[in-house]
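Below, each chain spelled out in residue letters.
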Amino acid sequence: MKVLKFGASWCTPCKMLQHIIDGIDSDVPIESVDIDEESERAMQYAVRGVPTLVMLDDTGTEIKRNVGVLTRDKLLEWLK
């Protein structure tokens, strides 16, 4: 299982979410994807707004997603 975090360098909420992610301890790897640098990948996952978190199972199938900033506690709950 892993999480893709879609964001952009110009996105203030993305920076806020990254700060929260940096402050947690999780067994789930979180990979950052810049939508400006990897627009095809963002289209592949139908990302319409940032920040977007997409959780994938071990086969690469989407399990769930979240659009927008989460609090620390909500993020930890979402990662379970």
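Now for a look at the structure at hand.

Thresholds applied
All residue numbers here refer to positions counted from 1 along the written sequence of the relevant chain. Totals for whole chains, interfaces and linings use every residue, but because this is a predicted model, local features are given only for residues with pLDDT of at least 70 and side-chain atom pairs only at 80 or more, for both listing and counting. Computation of side-chain values: all heavy atoms of the structure, hydrogens and water removed. Helical segments are the DSSP runs of H or I of at least four residues, strand segments are the runs of E of at least two, and each set is numbered from the N terminus. We compute the radius of gyration from the C-alpha atoms alone; for a globule the expected value is 2.2 Å times N to the 0.38, where N is the number of residues. A simple rule labels every residue: compare its accessible area, found with a 1.4 Å probe on the protein chains alone, to the largest value its type can have, and call it buried under 20%, exposed over 50%, or partly exposed in between. Note on contacts: a residue pair qualifies if any of its non-hydrogen atoms lie within 4.5 Å across the two residues. Exposure was quantified through the Shrake-Rupley algorithm and a 1.4 Å probe, taking into account, for residues, occlusion by the shown protein chains and nothing else. Charge assignment: positive for Lys and Arg, negative for Asp and Glu; neither His nor the chain ends contribute. Think of each charge as sitting on NZ of Lys, CZ of Arg, CG of Asp or CD of Glu. Should a side-chain nitrogen of Lys or Arg be within 4 Å of a carboxyl oxygen of Asp or Glu, the pair is scored as a salt bridge. Counting rule for disulfides: a pair of cysteine sulfur atoms within 2.5 Å.

1. Examining the overall build of the protein chain
Part 1 of the argument: Each helix and strand counted, the protein chain has three helices and four strands in total.
Part 2 of the argument: For the protein chain, the sequential pattern of α-helices and β-strands runs β-α-β-α-β-β-α.
Part 3 of the argument: In terms of C-alpha radius of gyration, the protein chain reaches 12 Å, essentially the compact-globule figure of 12 Å for 80 residues.
Part 4 of the argument: Each of the three principal axes of the protein chain carries a C-alpha extent, and together these read 30 × 30 × 15 Å.
Part 5 of the argument: For the protein chain, the proportion of its 80 residues judged to be buried stands at 39%.
Part 6 of the argument: For the protein chain, contacts bridging at least 24 residues in sequence account for 65% of all contacts bridging at least 6.
Part 7 of the argument: As displayed, the protein chain offers around 5000 Å² of accessible surface, 50% of which is attributable to carbon and sulfur atoms.
Part 8 of the argument: Of the charged side chains in the protein chain, 10 are positive and 14 negative; the average position of the first set lies 6 Å away from that of the second.

2. What to know about the pattern of salt bridges
Part 1 of the argument: All told, the structure shown has five salt bridges when counted by the stated rule.
Part 2 of the argument: Glu 38 serves as the salt-bridge partner of Arg 41, at 3.4 Å between the closest nitrogen and oxygen.
Part 3 of the argument: Overall, Arg 41 belongs to the partly exposed group, its relative accessible area being 21%.
Part 4 of the argument: Assessed through its relative accessible area of 31%, Glu 38 is described here as partly exposed.
Part 5 of the argument: In this structure, Glu 62 engages Arg 65 in a salt bridge whose closest nitrogen and oxygen atoms are separated by 2.9 Å.

3. Topic: the state of the cysteines
One covalent bond between the sulfur atoms of two cysteine residues makes up a disulfide.
Part 1 of the argument: In this structure the tally under the stated criterion is one disulfide.
Part 2 of the argument: Each sulfur in the disulfide pair Cys 11 and Cys 14 lies 2.4 Å from the other. Since a negative S-S torsion denotes a left-handed disulfide, the Cys 11-Cys 14 link at about 80° is right-handed.
Part 3 of the argument: Residue classification places Cys 14 among the buried residues on the basis of a relative accessible area of 4%.

Scope: geometric values only; no functional claims are made or implied.
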